[in-house]
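One letter stands for each residue in the lines below.
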Amino acid sequence: IMAYFPMFIELKDSPCLIVGGGKIAERKLHVLMDFEADITILAPEFTEEIIRISEDSEVTNVKIIKNEYNNSYLDKMKLVIAATDDEKLNSVIATDCKERNIQVNAVDQIDDCTFIFPSYLKKGDVVAAFSSGGNSPVITQYLKQQNNDILTDNIGDIAAFLGAIRQLVKQKVEGESNRKKVYQELLKIGLDNDRVPTSEEVTDIIINMSKERQ
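Residues numbered from 1 in each chain as written. Predicted model: local features only at pLDDT ≥ 70, side-chain atom pairs only at ≥ 80, totals over all residues. Heavy atoms only, no water.

Student: Honestly, the sheet that holds strand E1 (residues 15-19) in this entry has me stumped. Any pointers?
Tutor: Across a sheet, paired strands are connected by hydrogen bonds in the backbone, their directions being either parallel or antiparallel. If you trace the five strands from one edge of the open sheet to the other, you get E3-E2-E1-E4-E5, paired in parallel fashion. Where the open sheet ends on each side, the last strands, each with one partner, are strand E3 (62-66) and strand E5 (103-106). Each adjacent strand pair in this sheet contributes to an overall mean axis angle of 15°, direction not counted. Across four bridges, the pairing between E1 and strand E4 (residues 79-82) is parallel. Its bridge partner lying in E4, Leu-17 is registered against Val-80. Those strands touched by helix H1 (residues 23-34) are E1, strand E2 (38-43), E3 and E4, and its axis lies near 165° from that of E1. (Pairing = 2+ DSSP bridges. Helix = DSSP H or I, 4+ residues; strand = E, 2+ residues; numbered from the N terminus. Axes fitted to C-alpha atoms, helices over the stretch in contact; angles between N-to-C directions. Contact = heavy atoms within 4.5 Å.)

The following block contains the structure:
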């Protein structure tokens, strides 16, 4: 076991495969849905929840295939989760993925994984992830709980807003350090008031920054 490099990857609309139809597969399904992946679940049998999700007319990115595993299902997959109750099968799936340079997680079989699932908090596009290198889920859950109050529901909206005004700030404010101060002041307004800053507040801060530089 070792420390894992915290690399964030985009999964939106990316083809991902979960092999297994039990409760563990169900939990992993919810995680991948949280990041809008295009998900295929392969298994001989499925939980009622997995079937319900796959049949929901509002869910367009989840499909199930009732069949045994074979490596042809790996074609074009970006990420695979081996979540069967057969450790040997999970190892086979992991080996097949590694031979194809596909990222794979074999649940509770750390030596078969090329990546692990962190404990995470997600607010809009803002994601905080915690890992103990597979040593202690208790620690990662503790860190998640401790940071839950910091990552408010509005932090994602504030982040999206700051991203949306980047071009405006770049045009109106010279110098990276000055732009950073603008963002810091807007973030403070957002956090102190638990809301997205107004356009008037943006204008005032930019004007004040310009006056300070004169």
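Having put the structure on the table, let's press on.
Student: Sorry, what's going on with the side chain of Ser-54 here?
Tutor: Mapped onto the fold, Ser-54 is located in helix H2 (residues 48-55). For Ser-54, a relative accessible area of 18% translates into the label buried. Reaching out from Ser-54, the side chain makes a polar contact with the backbone oxygen of Ile-51 at a distance of 2.8 Å. Beyond its immediate stretch of four places on either side in the chain, Ser-54 contacts Val-62 and Ile-64. (Buried < 20%, exposed > 50% of the residue type's maximum accessible area, 1.4 Å probe, protein only. Polar contact = N/O pair within 3.5 Å; in protein donor to acceptor, adjacent residues only side chain to side chain.)

Student: Teacher, can you tell me more about the packing of aromatic side chains here?
Tutor: In this description, an aromatic ring pair is defined by two values, namely the gap between the centres and the angle between the planes. Within this structure, the stated rule accounts for two aromatic pairs. Between the aromatic rings of Phe-115 and Phe-117, the centroid separation amounts to 5.4 Å while the plane-to-plane angle is 55°, which identifies the pairing as tilted. Take Phe-117: its relative accessible area is 22%, and that puts it in the partly exposed class. The aromatic ring of Phe-117 is capped on one face by Lys-28, whose charged end is 4.2 Å from the ring centroid. (Phe/Tyr/Trp six-rings, centres within 6.5 Å; stacked < 30°, edge-to-face > 60°. Lys NZ or Arg CZ within 6 Å of the ring centre and 35° of its normal.)

Student: How do you make sense of the environment of Ile-110 when you look at a structure like this?
Tutor: The topology assignment puts Ile-110 in the loop between E5 and strand E6 (119-123). Expressed as a C-alpha distance, the spacing of Ile-110 and Gly-133, which sit 23 residues apart in the sequence, is 9.4 Å.

Student: What am I meant to see in the environment of Ile-18 here?
Tutor: For Ile-18, the position within the fold is in strand E1. What makes Ile-18 buried here is its relative accessible area of 0%. Between the C-alpha atoms of Ile-18 and Val-80, which are 62 residues apart in sequence, the distance is 5.9 Å. If we skip the residues at most four places from it in the chain, Ile-18 touches Ala-25, Lys-28, Leu-29, Leu-32, Ile-39, Thr-40, Ile-41, Leu-42, Ile-81 and Ala-83.

Student: Is there a simple way to explain the side chain of Lys-28 in this structure?
Tutor: Structurally, Lys-28 can be placed in helix H1. Asp-108 is the oppositely charged side chain nearest to the buried, salt-bridge-free Lys-28, at an N-O distance of 7.2 Å. Excluding residues that lie within four positions of it along the chain, Lys-28 makes contacts with Ile-18, Ile-81, Val-107 and Phe-117. (Lys, Arg positive; Asp, Glu negative; His and termini not counted. Salt bridge = Lys/Arg side-chain N within 4 Å of Asp/Glu carboxyl O.)

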